Amino acid sequence: MNAPQLRLVAAGGELDRTDCPQLGRLLIDRGLLSWEALSEALDSQELSSCKLGEVLIARGYVAPIDVCEALAEQWGLGTADLDRDPPDPDLMRPEDIEVCIANRILPWRSIGGLTAFAIADPDAAQIALSRLSVTSPIAFFLLAPRAQIDRRLGEVAGPILAARAAMRAPEHASIRSLAPARRFAAMALFGACFAAALQGDLALVGALCLLFLLNISTTGLRIAALFGSRKAAMRRIGKRGAIDLTSLRAPPVVTILVPLYRESCMIGTLLNGLNQIDYPRELLDVLILVEEEDHETRKAVLAADVPHWINMLIVPKGAPRTKPRALNYALDFCRGEIVGILDAEDHPATDQIREVVDTIRQSPPEVACVQCQLGYFNAKENWLSRCFQLEYAIWFDVLLRGFQWLRLPIPLGGTSVYFRRSALRALGGWDAHNVTEDADLGMRLSRSGMRCEISRSVTMEEANCRAIPWIRQRSRWLKGYLLTWCSHMRDPVRLWRDLGPGGFFGLNVLFLGAAATYLAAPLFWIALGCWLITGETYWSASVPGWAIWPAAVSLALGQATMLACACLAVKRRRVAGLLIWVPSLPVYWTLGAVAAWKAVIELIVAPYYWDKTRHGVTRVKAER
């Protein structure tokens, strides 16, 4: 970069371009751009309404540093190399962080009592200057690449942003504010009901009655969803035959957040999946989130051939070290009107973002997000992966469609879900202390009067195909479900008012009923085995039949309902080869009982512990 050329700028004043040629002509004169590339970029600019420099960088026609130097000549400004000359951290004031990030403006040096600012966009910087708490209404501007400014903003404001990311969700909506003693009491009582199964006394009668109520409610809800899914039309929102005025507007910028932790082996797979996305590159803002202490993943990203529309954002150290905390941190750096989440191993459908954008822009304001479906590219690897695929097919192709038709709160997935950024900010982002932040956010959306649409678009990812990692992953999900239930049920009256009786019932059945089904699976098999061998259940001597048989029948009916859902899901996904594996699902669900009891124990001793799922272990390669 050239030596800094300082130019005074007044807050709220006009920063005019000098009499230099336009940006495209400057780059052509410097031999950095061809006329053909400029013509293509201008056509793209007209369709996207982006700045020409953004189009040129995103499409790889010109390097960011070259655009920066050409803009500096055009505006009569100097440039600053923030890698060589880092900013003075003492110049950043906490009250200015929001404005600085939103406008990509960074206090760089204090010169003669005035502040020199590094900026990425002169237009935005002029507006931002009047909103900053600078000591003087006059300052210096110098241009720097956006990636450098973002990186340095993260460094100088990192501790403040990291602390805010952990506490971003309102206290009344976060599991962090639930007293440990209360959580312990609730879970101890819940576990005691099932531990009573080992004692043939009155407590067991109560536990069996509770089990019957939870299972019959869960089964009833699933039957309703099974029939409701037939009526839930997976269609675009809006009146048929009406003129789609949204097509006359420029498409929005979409930010995709990809949180990584110890995923160095997945960088190539990740970049391959992102490069397949069919959406204008100048409208894609991909942020790869890497924890500060994860040096291996950071080196892998830096060593990869990463296009300029993908940037790495370093998440500062902090507690808890969870995915939602990283997402909260990144939310301030998002440029997009729509914010999506992808995982390292994801391969979204090439037209997924276009479909999501169409759905959101044609939907009423209360539609805050779109959940895409998930599938597995390694579904045929072994029995576990086949059952995992069946389970996801049941969830996305049957149950979620039914829940949507029933107008129930929808537990969101942790990936391939896209939000209006305004809705995320209004809710306070994710709960950094909840290990199933996605499901919790779905409930908070519903309680705020917003809802989710389910998309047909499918993202292929890697199924957890080994037993021990599968149990660890499932235990985290179930622990998060129980945490979410505890969080929202702290004030049942308010929850009833927010969701109404149907939503209140649905939330309790979705979270508490699902956990109860898994936790009770060993009891079911013990009772069934004893009955087949001796003609009596394990507890027949001390518990009346009127308490045993309703619970047993509800468990059996629940299994039958889920098998029916599996058959329908196989038909809808057109994976007939998996039909022969449907009868083995009860064994697969019993494996989940191990995870459920692990979740209950962790809920008491380590509620915020994030049991990391390792990716890249499959022997099957993803196919486009």
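Because the structure is a prediction, the values reported are computed rather than measured.

Caption draft 1: Broad picture of the pairing of strand 4 (residues 114-119). Counting buried positions along strand 4 yields 6 of 6 residues, so the element is predominantly enclosed. A two-sided burial pattern is seen for strand 4, the buried positions comprising L114, A116 and A118 on one face and T115, F117 and I119 on the other. One ladder, built from 6 bridges, connects strand 3 (residues 105-111) with strand 4; its direction is antiparallel. From the neighbouring strand, S110 faces strand 4, where its bridge partner is T115. What sits between strand 3 and strand 4 in their antiparallel hairpin is a turn of 2 residues, with G112 showing a positive phi close to 60 degrees.

Caption draft 2: The arrangement of the sheet that holds strand 11 (residues 367-376) in detail. Within the open sheet, the 8 strands sit side by side as 8-7-6-9-12-11-13-10. Their pairing is mixed. Looking at the sheet topology across the chains shown, the edges are occupied by strand 8 (310-315) and strand 10 (347-348). The pairing of strand 11 with strand 13 (residues 451-461) spans 8 bridges and is classified as parallel. In the sheet register, L374 faces strand 13, and the bridge partner there is T459. Sitting on the sheet, helix 14 (residues 352-361) touches strand 6 (254-260), strand 7 (284-291), strand 9 (338-341), strand 10, strand 11, strand 12 (417-420) and strand 13, and the angle it makes with strand 13 is about 175 degrees.

Caption draft 3: Structural view of the side chain of D332. Mapped onto the elements of the fold, D332 is located in the loop between helix 13 (323-331) and strand 9. A polar side-chain atom of D332 sits 3.2 Å from a polar atom in the side chain of R168. The residues contacting D332, other than those within four sequence positions of it, are E98, I101, L161, R164, R168 and R425.

Caption draft 4: Representation of the pattern of salt bridges in the model. Summed over all chains, the structure comprises 29 salt bridges. A salt bridge links R164 to E98, with the nearest nitrogen and oxygen atoms 2.8 Å apart. Of this pair, R164 sits in helix 8 (residues 158-166) while E98 sits in helix 5 (residues 97-103), and the two are 66 residues apart along the sequence. For D440, the salt bridge identified is with R444, shortest N-O distance 3.6 Å. Of this pair, D440 and R444 are both found in helix 17 (residues 437-447), 4 residues apart, which corresponds to roughly one turn of the helix. Assessed through its relative accessible area of 0%, D440 is described here as buried. Residue R444 is classed as buried on the basis of its relative accessible area, which comes to 5%. Each of E98, R164, R168, D332 and R425 takes part in a single network of salt bridges with overlapping partners.

Cut-offs used in this document
Residues numbered from 1 in each chain as written. Predicted model: local features only at pLDDT ≥ 70, side-chain atom pairs only at ≥ 80, totals over all residues. Heavy atoms only, no water. Buried < 20%, exposed > 50% of the residue type's maximum accessible area, 1.4 Å probe, protein only. Helix = DSSP H or I, 4+ residues; strand = E, 2+ residues; numbered from the N terminus. Pairing = 2+ DSSP bridges. Contact = heavy atoms within 4.5 Å. Axes fitted to C-alpha atoms, helices over the stretch in contact; angles between N-to-C directions. Polar contact = N/O pair within 3.5 Å; in protein donor to acceptor, adjacent residues only side chain to side chain. Salt bridge = Lys/Arg side-chain N within 4 Å of Asp/Glu carboxyl O.

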